[in-house]
Amino acid sequence: MGKTIIISNRLPIQLQIHNGGITAVPSVGGLATGMKSVHSGGDSLWIGWSGLTDEDIPEELAGDIDEALAKHGSSKVKLTIKEVDGFYYGFSNRTIWPLFHYFLEYSEFELESWEIYKNVNQKFADAIVEKANEDDTIWVHDYQLMLVPQMVKEKLPNISIGFFLHIPFPSFEIFRTLPWREEILKGLLGSDLIGFHTYDYERHFLSSVRRILGLEVSFNDIYLENRIIKVDSFPMGIDYKKFSDAAKEHQQRSPENQSELQQRLNKHKKSTPDAKFLLSIDRLDYSKGIAKRLNAFEYFLKKYPQYKEKVRLIILAVPSRSNVPQYQLLKKEIDELVGRINGEFSTVSWTPIWYFYRSMPFENLIDLYTSCDIAWLTPIRDGMNLVAKEFIATRTDKTGVLILSEMAGSANEMNESLLINPNNFEQIADTIKQAINMPIEEQQERNNVLQKRLARYNVEKWANDFMTSLKNQKEKSHSYVSRNLSANVLNSIAKDYKKAKKRLLFIDYDGTLAGFHINPQKASPDEELYALLDTIASQENTDMYLISGRDKETFTKWFLPKKYNMIVEHGVWISRGGEDFYMLENVKKDWMEKIHPVLESFVDRTPGSFIEEKNYSLAWHYRNTDPDFGQKRASELNTVLTSLIANDDLSVLNGNKVMEIKSSNVNKGRAALRVNTEATYDYDFIFAIGDDWTDEFMFQELPESAVTVKVGHQKTAAKYYVDGIKNVRTILKRFVD
Ligand code: ADP
Ligand code: G6P
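Conventions adopted
- Residues numbered from 1 in each chain as written.
- Chains lettered and ligands numbered in written order.
- Predicted model: local features only at pLDDT ≥ 70, side-chain atom pairs only at ≥ 80, totals over all residues.
- Heavy atoms only, no water.
- Near = heavy atom within 4 Å.
- Areas by Shrake-Rupley, 256 points an atom, 1.4 Å probe, with all protein chains shown as cover.
- Helix = DSSP H or I, 4+ residues; strand = E, 2+ residues; numbered from the N terminus.
- Nonpolar A, V, L, I, M, F, W, Y, C, P; charged D, E, K, R; others polar.
- Buried < 20%, exposed > 50% of the residue type's maximum accessible area, 1.4 Å probe, protein only.
- Right-handed = clockwise from strand over helix to strand, strands pointing away.
- Domains from an automatic or database assignment.
- Contact = heavy atoms within 4.5 Å.
- Buried area = accessible area lost by both parts, 1.4 Å probe.
- Polar contact = N/O pair within 3.5 Å; in protein donor to acceptor, adjacent residues only side chain to side chain.
- Pairing = 2+ DSSP bridges.
- Axes fitted to C-alpha atoms, helices over the stretch in contact; angles between N-to-C directions.
- Phe/Tyr/Trp six-rings, centres within 6.5 Å; stacked < 30°, edge-to-face > 60°.
- Arc of directions from axis to C-beta.

Asks: Break down the site of ligand 2 for me, citing the residues and quoting the values.
Replies: In the vicinity of ligand 2 lie 14 residues, with Arg10, Tyr88, Asp142, Gln144 and Arg321 positioned nearest. About the coverage of ligand 2: the protein hides 92% of its 370 Å² of free accessible area. Counting only elements with at least two residues in the shell around ligand 2, the list comes to helix 1 (30–41) and helix 3 (81–100). Here the shell around ligand 2 is composed, by residue class, of six nonpolar, four polar and four charged.

Printed below as a string of structure tokens:
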């Protein structure tokens, strides 16, 4: 069993140099605090940035740095001041962070920071490659390292790579504004598994993959060349036991063993026993809505003046990214707001807001969590928000009220808290009032449910789920790759072909021999294709059939003069050796009058779609529509048609961006089988190739010994996969060389 390599910009500790020596302080932020528990429990190596730049580190301390990190199972990636500026303060926190949190107006698109971001991602990837073996598992974290998966995959194609995004993935409309959107998506797609906190982020990501890269997505699988990438949501939990044990231990402490902060809190509680403490803890970040929260608090005091001197808001903000101008402005804004509100409302015995701007040791966090009555968290947008979960975990007697913004990822799992819209001051003021007056039994009832969930889906379970899913994905992808038609397999197929006494070939046209075109009539055969088909068709003991859903008029024009055997309209018509088409199946067409208007109504409402009228079927094409919208309309049409055709002998074929309605007794499988069984000789080599869902009928119906090949990477009953049209021609050429 290989080891796990965790890789993130932040390590669990940050190094600092004081008086010529190195000190390590724990990192804040959800990623580091959450992953720390996972890391300490297992056999893993954590690679990241130490927090110091190359210029900060005197030569004589270089060795000590490695040693200090090694104590925490970590290893560093060295970064210069310029790199930290461009990569961390620049592209990560001035472009991606604001954009992914929907602060479009704060996003800066600078080529130079993008270039540095790429170079630094390469540095992280190189650090992994240097330490990794092929049987290791690589777990890359967060928006600072979105290009790393692809960079590692290039060097170590067989290694398992998972990626987890700790922040929201924005909707396509936002993401598309990024000048380097393709590169970012491709970077992420180097992973085998990509995880998000919520289904919404997952959905946004898949939509961008479909629309920007035009890749096929089936449920939550992305098909890319010869790989399947899985995308899923894993809501991150906390180390529940650590917080609840710390809270229990904290409650048992004698007063003299309590921290200074706790003693101060106790004193205030004693002097105003009926006053309520509201708590908010965040990094000082505009996404956390701290300024809005202060304004809302002021609004509350004005709307419900009876609570003056009866509530106190404790705001703990940890300094963050202070080199970024938006964070500096925010700091100023908050300092001013706190000053103004305190100035306006304070009395001799009461200051409404206590404001701490610093990082605090774990012990003090527990003091605050356990001493406050209400936790009030109002992010405007937040990937998860672990503080909400930590607060609930410390409430050993199950009292306490959580007021949480519905814009936080954690709101999805914390329905029993009081959910608010951080922009709705009216609702917030009323919710604070509700929280202050909530009966103890109700608090306990709500927290009981929340605690059970947090205890069950803790950070360990989260990490295990992710890892298990990554392992399964790797196995699934492996079996998929092994069915790829490799050079060796092709050699042996070509050998069998040549040896065979009588051969039967079924070759689909669109998506197999020719690419798709906006106008189907324009996807006509090229000279190279004619030459290739001529050679195959003229071989002795070889029955080659072009088998297609196309109408017979088009194929008559393109291929009848060539005298190829043809089956068209999915098996309605057949033509052999240049004879006119005749019907292979007896089919009705009176149903068309009923279905046509239904399809027309879908064309009217789905820009870019159109109807193709064939002799015995109707097809609704939606290749040129918006992919998500087209898919949605297709499933809508499917529902409508299913009820409409219930009593007719009709079926709906869901092809590649086309839905076709036709008689049930017609399909390519039936047609191919008929050709095979009605032949006067036994074929000892049967071959079928196609890209579409409609070709699956052939793959299923033909005998077990047939060589069946799927073009593309969707789920299939065929024995082998090939990548695209070019590879189809390579195979066919091997039959005639
Ligand atoms: P984010 O990851 O955006 O910072 P989270 O709420 O998910 O937000 O995670 C914040 C983490 O940082 C929590 O684990 C919390 O305990 C810790 N933290 C927040 N503020 C402080 C602080 N002032 N001192 C120490 N730790 C803090
Ligand atoms: C969020 C991000 C993390 C980041 C943390 C702290 O949780 O998702 O990747 O580490 O904030 O921010 P910082 O910039 O100090 O690492």
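Asks: Before we move on, could you go through the pairing of strand 20 (residues 565–568) and cite the residues and values that matter?
Replies: Across the two faces of strand 20 the burial is the same, with Asn565 and Ile567 and Met566 and Val568 all buried. Crossover connection from strand 19 (residues 542–547) via helix 20 (residues 552–559) to parallel strand 20: handedness right-handed.

Asks: Quick rundown of the domain arrangement of the protein chain? Include the residues and the values.
Replies: For interface size, the figure often reported is the accessible area lost on association. You can read the domains of the protein chain as domain 1 (4–233), domain 2 (240–456), domain 3 (487–585 + 666–736) and domain 4 (592–662). Between domain 3 and domain 4, the C-alpha centre-to-centre distance is 26 Å. Listed per partner, the contact involves 20 residues of domain 3 and 13 residues of domain 4. Between domain 3 and domain 4 the total buried area reaches about 1,300 Å² when both faces are included, carbon and sulfur atoms providing 57% of it. It is Phe516, His570 and Trp693 that lose the most area in domain 3 upon contact with domain 4, and together they represent 28% of the buried surface on that side. At the boundary of domain 3 and domain 4, one finds seven residue pairs in polar contact (both at pLDDT 80 or more).

Asks: Would you mind going over the site of ligand 1 in detail, with residue names and values included?
Replies: Lining the immediate surroundings of ligand 1 are 18 residues, of which Gly30, Arg283, Lys288, Met360 and Glu390 lie closest. Taking Lys288, its side chain carries an N or O atom lying 2.7 Å from an oxygen atom of ligand 1. Residue Arg358 places a main-chain N or O atom 3.1 Å away from a nitrogen atom belonging to ligand 1. Here ligand 1 loses 92% of its free accessible area of 560 Å² to cover by the protein chains. Elements with a contribution of two residues or more to the shell around ligand 1: helix 1, strand 12 (276–283), strand 13 (311–318), helix 13 (362–371) and helix 14 (386–393). Top contributing element to the shell around ligand 1 by residue count: helix 14, with three residues. Counting residues domain by domain, the shell around ligand 1 receives three or more from each of domain 1 (4–233) and domain 2 (240–456).

Asks: Give a detailed account of the pairing of strand 27 (residues 685–690), specifying residues and quantitative values.
Replies: The buried count for strand 27 comes to six of six residues, which makes it a mostly enclosed element. Of the two faces of strand 27, the one carrying Phe685, Phe687 and Ile689 and the one carrying Ile686, Ala688 and Gly690 are both buried. Bridge count between strand 18 (residues 503–508) and strand 27: five bridges; the pairing is parallel. Of the residues in strand 27, the one forming a bridge with Phe506 is Ala688. For the segment spanning strand 27, helix 24 (residues 696–701) and strand 28 (residues 707–711), crossover handedness is right-handed.

Asks: Outline the sheet that holds strand 25 (residues 650–654), listing residues and values.
Replies: Pairing is antiparallel in the open sheet, where four strands are placed in the order 23-24-26-25. Every interior strand has two partners, whereas the edge strands, strand 23 (610–613) and strand 25, have only one. Strand-to-strand twist across the sheet, computed as the mean angle between neighbouring axes with direction ignored, equals 20 degrees. Summarising the sheet, strand 25 and strand 26 (residues 658–663) pair through five bridges and their orientation is antiparallel. Considered in strand 26, the bridge of Leu653 is made with Glu660. Across the sheet, helix 21 (residues 592–605) is in contact with strand 23, strand 24 (617–621) and strand 26; its angle to strand 24 comes to roughly 5 degrees. In this fold helix 22 (residues 627–644) packs onto strand 24, strand 25 and strand 26, with an angle of close to 20 degrees to the strand it touches most, strand 26.

Asks: Which residues make up the packing of aromatic side chains, and what values do they have?
Replies: Under the counting rule described, the total for this entry stands at 53 aromatic pairs. Relative to Tyr286, the ring of Phe103 lies with its centre 4.8 Å away and its plane at 65 degrees, an arrangement referred to as edge-to-face. With Phe103 in the loop between helix 3 and helix 4 (111–131) and Tyr286 in the loop between strand 12 and helix 11 (290–303), this pair connects stretches of sequence that are 183 residues apart. With respect to burial, Phe103 and Tyr286 carry one shared label: buried. Where Phe169 meets Phe175, the ring centres are 4.9 Å apart and the plane angle is 40 degrees; that geometry is what we call tilted. A network of ring pairs unites the aromatic residues Phe87, Phe91, Trp114, Tyr117, Phe124 and Trp180 as a single cluster.

Asks: Help me get a handle on helix 19 (residues 527–537), residues and values and all.
Replies: Of the positions making up helix 19, those classed as buried are Leu529, Tyr530, Leu532, Leu533 and Ile536. Each buried residue of helix 19 sits inside an arc of 165 degrees when the element is viewed along its axis, so together they form one side. Those residues of helix 19 hidden inside the fold are in contact with helix 18 (487–499), strand 18, strand 19, helix 20 and helix 25 (725–736). Its side-chain oxygen at 3.2 Å from the backbone nitrogen of Glu528, Asp526 defines the N-terminal cap of helix 19.

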